[in-house]
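# Per-entry structural report
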Amino acid sequence: MPAKSHSNRKHYDPRMLVEHPHAESPGTQRIVTINLSESPLSWLHARGHLSNRQMLAGETLRGDYESAALGPHITMTWENIPRSRRKRGASMALNRTERMMQSKHRFDSALIALGPDLSDIAWRVICVGESVPIAEREMSWPVRSGKLVLKIALDRLAAFYRIPS
């Protein structure tokens, strides 16, 4: 029996890739490629289960979580090295530690605004990356209730972060 040829088959790429602008610091921006099926939140959004506002609220919380959880520097920080010999005033931008503290404060405030009932599902799905069925099982919730509660949490987060409708 002859071997089947794979050259006639189309290559299927399960990733949903998009290019997205990313601001590294004030005044600098680069384009990053994002896999929309990478996180449970983006998976739900890519399939129409979440609105753009809900997705942005979740990504904002995740961004605060990741910024606040960064480990300490183990090498020299070049952020505050003067670029010229001229006298300069104090920098108006926040340094890394101040940005981390600010992110931690926003993250803690967002979870407080969600309350104990909604913060657990938000933290599990948005920050940790658990799928909704796994989060439901871990919290002993009925099947298919997690997505509804997550959407309520995302709406509340959107209000907290003042994301327009």
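See above for the structure.
Residues numbered from 1 in each chain as written. Predicted model: local features only at pLDDT ≥ 70, side-chain atom pairs only at ≥ 80, totals over all residues. Heavy atoms only, no water.

### As for the overall build of the chain
Inclusion rule: Helix numbers and strand numbers start at the N terminus; a helix is a DSSP run of H or I with at least 4 residues, a strand a run of E with at least 2. Two residues form a contact once any of their heavy atoms are found within 4.5 Å. Per-residue accessibility takes into account occlusion by the displayed protein chains alone, with areas from the Shrake-Rupley method and a 1.4 Å probe.
Broken down by element type, the chain carries five helices and two strands. Pairs at least 24 apart in sequence give 52% of the contacts found in the chain among residues at least 6 apart. When the accessible area of the chain is evaluated, it comes to approximately 12400 Å², of which 56% is carbon and sulfur surface.

### A closer look at the pattern of salt bridges
Oppositely charged side chains can pair when the atoms bearing their charge come close. Note the cut-off: In the sections that follow, a salt bridge refers to a side-chain nitrogen of Lys or Arg positioned within 4 Å of a carboxyl oxygen of Asp or Glu.
Tallying each qualifying case throughout the model produces six salt bridges. A salt bridge links Arg-62 to Glu-59; the shortest N-O distance between them is 2.4 Å. Residue Arg-62 and its partner Glu-59 are both found in helix H2 (residues 52-68); the two are separated by three residues, about one turn of the helix. By sharing partners, the salt bridges in this structure join Glu-59, Arg-62 and Glu-66 into a single network.

### Some remarks on the nonpolar core
Inclusion rule: Only buried Ala, Val, Leu, Ile, Met, Phe, Trp, Tyr and Cys residues count toward a nonpolar core, and they belong to the same one when joined by side-chain atoms within 4.5 Å. Think of it in three bands: residues with accessible area under 20% of the maximum for their type are buried, residues over 50% are exposed, and the middle band is partly exposed, with areas taken using a 1.4 Å probe on protein chains only.
If you look at the biggest cluster of nonpolar residues, it comprises 25 residues, and the most contacted ones within it are Leu-41, Leu-61, Ile-126, Leu-150, Leu-154 and Leu-157. Looking at this core, the elements with two or more residues in it are helix H1 (40-46), H2, helix H3 (96-128), helix H4 (132-138) and helix H5 (146-160). If you tally residues by element for this core, the top one is H3, at nine residues. When sequence neighbours within four positions are dropped, the list of residues in contact with Leu-157 reads Ala-57, Leu-61, Ala-110, Leu-114 and Ile-126.

### A closer look at the packing of aromatic side chains
The relative placement of two aromatic rings is captured by the distance of their centres and the angle of their planes. For the record, the criterion: Only rings of Phe, Tyr and Trp enter the pairing, Trp through its six-membered ring, and a pair is recorded when the two centres are within 6.5 Å. The plane angle decides the type: under 30 degrees is stacked, over 60 is edge-to-face, the rest tilted.
For the coordinates displayed, the defined rule picks out two aromatic pairs. Ring centres of Tyr-65 and Phe-107 lie 5.4 Å apart, and the angle between their planes is 50°; on these two criteria the pair is classed as tilted. Taken as a pair, Tyr-65 in helix H2 and Phe-107 in helix H3 lie far apart in primary sequence, 42 residues in all. The exposure class of Tyr-65 is partly exposed, given its relative accessible area of 25%. On the accessibility criterion, Phe-107 (8% relative accessible area) is buried. Here the aromatic rings of Phe-160 and Tyr-161 are separated by 5.0 Å at their centres, their planes lie at 75°, and the arrangement is edge-to-face.

### Quick notes on the environment of Ser-145
Position of Ser-145 relative to the elements: it lies in the loop between H4 and H5. Between the C-alpha atom of Ser-145 and that of Pro-133, which follows or precedes it by twelve residues, the distance is 9.0 Å.

### What to know about the environment of Leu-56
With respect to the helices and strands, the residue Leu-56 is situated in helix H2. The class of Leu-56 is partly exposed, set by a relative accessible area of 45%. The sequence separation of Leu-56 and Tyr-161 amounts to 105 residues, and the corresponding C-alpha distance is 9.5 Å.

### Regarding unusual backbone geometry
Phi angles above zero are rare outside glycine, and Ser-140 is one such case at about 55°. Counting through the fold element by element, Ser-140 comes out in the loop between H4 and H5. Its relative accessible area of 65% is what places Ser-140 among the exposed residues. One non-glycine residue, Arg-144, lies in positive phi territory at about 70°. Structurally, Arg-144 can be placed in the loop between H4 and H5.

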